[in-house]
Amino acid sequence: LVGLFSVRFVQGYTAESHELASRALALSSGDPELAGEAHFAFAGSASSLGLLQLAVEHFDLAIEMSPDRVPLVVGTRPEVHSMAWSAHAMWLLGNDTEAAARSFDAVQRGRLAREPYSLAVALAYASITDQLRGDAESLRRDIAELRSLCRRHEFAYYTEWGLILDGWASGDERGLSRIRLGIRSLRSQGAYARMPYWLSLLADALVTSGKDEEARAVLDAALVGAEQRDDRWWLPDVLRQRAALETGTRAESFLVRGLAVAASQSSAALARRCEVELAAHRVRGSLSGANASRTPSP
């Protein structure tokens, strides 16, 4: 069941993968050695569904209950993978310091395990944590090591993570091409997990390049994908980005919706982003209205 969870999760069937993880968790009470893997699966799918507090609780149980000698069915050590993934949930919940600490801990555990794949996974998740936190120096360092490790061992999937994040970090036309290539490669593998997040990075790069119309289309696709696949953890920020490409009441409606989704998920980090943008939008609207009222009639 944990193996099937992994396949369906990566394919983008978030709700179905959570059901599989729930079944695995129920069965694991009779086999304590497998309980850590079941808690990992449950926590990962819960995190993508936006059940952040629940996810952290089960990630912590996965870390606590995973013997060092037992590798995860999906190829990584549960304590490494859980620590790395839990950093994203902690950042979303508003605990930046704990997110950074967990990300660092995961990479150190990956090194001590002396298993290249576990280390690659820890670095891949650390790179996302770096991007979330706006830590450009750590992002460049972790991406470089991740891409080197993936090339050396010919790891699939996480190679594309590094490609997309590297492209976003470069902020130029070549970077934009790398993001497109990474997303295209993930889609060709049938790997749709986190696609709204990857698309949001593409949209960000498009806006930087002055391609607002294309960015709108990309973000609209991200919104549809998030709803269709229940991949909701990054939905508030996709809505915030979409609002930035609109004006007036339409922009405000995106921000209000983003704030509501963030609040429902207890995503303090993304709620703050929406609140700041909403306040700025309303101030601009007030100033525009005031200026219009002072304009003399012809």
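The shown structure was predicted, so the numbers you read here are calculated from the model rather than taken from an experiment.

Procedures and definitions
Residues numbered from 1 in each chain as written. Predicted model: local features only at pLDDT ≥ 70, side-chain atom pairs only at ≥ 80, totals over all residues. Heavy atoms only, no water. Salt bridge = Lys/Arg side-chain N within 4 Å of Asp/Glu carboxyl O. Helix = DSSP H or I, 4+ residues; strand = E, 2+ residues; numbered from the N terminus. Buried < 20%, exposed > 50% of the residue type's maximum accessible area, 1.4 Å probe, protein only. Phe/Tyr/Trp six-rings, centres within 6.5 Å; stacked < 30°, edge-to-face > 60°. Lys NZ or Arg CZ within 6 Å of the ring centre and 35° of its normal. 1 Å grid on protein atoms, 1.4 Å probe; cavity = no way out; pocket = protein on both sides within 12 Å on 5 of 7 lines; lining within 4 Å. Points joined across faces, edges and corners; volume = space filled by probe spheres on them. Nonpolar A, V, L, I, M, F, W, Y, C, P; charged D, E, K, R; others polar.

Moving on: the pattern of salt bridges. What the rule picks out here adds up to 24 salt bridges. Close ionic contact of D166 with R178 constitutes a salt bridge, the shortest N to O distance being 3.4 Å. With a gap of twelve residues between them, D166 in helix α9 (residues 158-170) and R178 in helix α10 (residues 173-188) connect regions that are remote in the sequence. In this structure, the salt-bridge partner of D237 is R240, at a minimum N-O distance of 2.8 Å. Of the two residues, D237 and R240 are both situated in helix α13 (residues 235-243); the distance of three residues between them amounts to about one turn of the helix.

We now examine unusual backbone geometry. Notably, D230 is not glycine yet its phi reads approximately 55 degrees, a positive angle. Residue D230 is classed as partly exposed on the basis of its relative accessible area, which comes to 27%. Non-glycine residue S266 carries a positive phi angle of around 60 degrees. Looking at the element boundaries, S266 is found in the loop between α14 (248-264) and α15 (268-294).

This part is about the packing of aromatic side chains. Scanning the entire structure with this criterion turns up 17 aromatic pairs. On the basis of an interplanar angle of 65 degrees and a centroid distance of 4.9 Å, the ring pair of Y157 and Y158 is categorised as edge-to-face. Y158 sits in the buried class, given a relative accessible area of 5%. With a centroid separation of 5.6 Å and an interplanar angle of 65 degrees, the aromatic rings of Y157 and W161 are classed as edge-to-face. Each member of the pair, Y157 as well as W161, is classed as buried. Against the face of W85 rests R194, its NZ or CZ located 4.9 Å from the ring centre. For the cation-ring pair, R229 lies above Y192, with the distance from its terminal atom to the ring centre recorded as 4.4 Å.

What follows deals with empty space enclosed by the protein. Counting across every chain of the model gives one cavity of 30 Å³ or more. What the largest cavity holds in volume is close to 60 Å³. Lining the largest cavity, in full, are S47, S48, W85, H88, L92, I128, R194 and W233. Looking at the lining of the largest cavity, the elements with two or more residues in it are α3 (32-49) and α5 (78-92). For the lining of the largest cavity, the element with the most residues is α5, which contributes three residues. For the lining of the largest cavity, the per-class residue count stands at four nonpolar, three polar and one charged.

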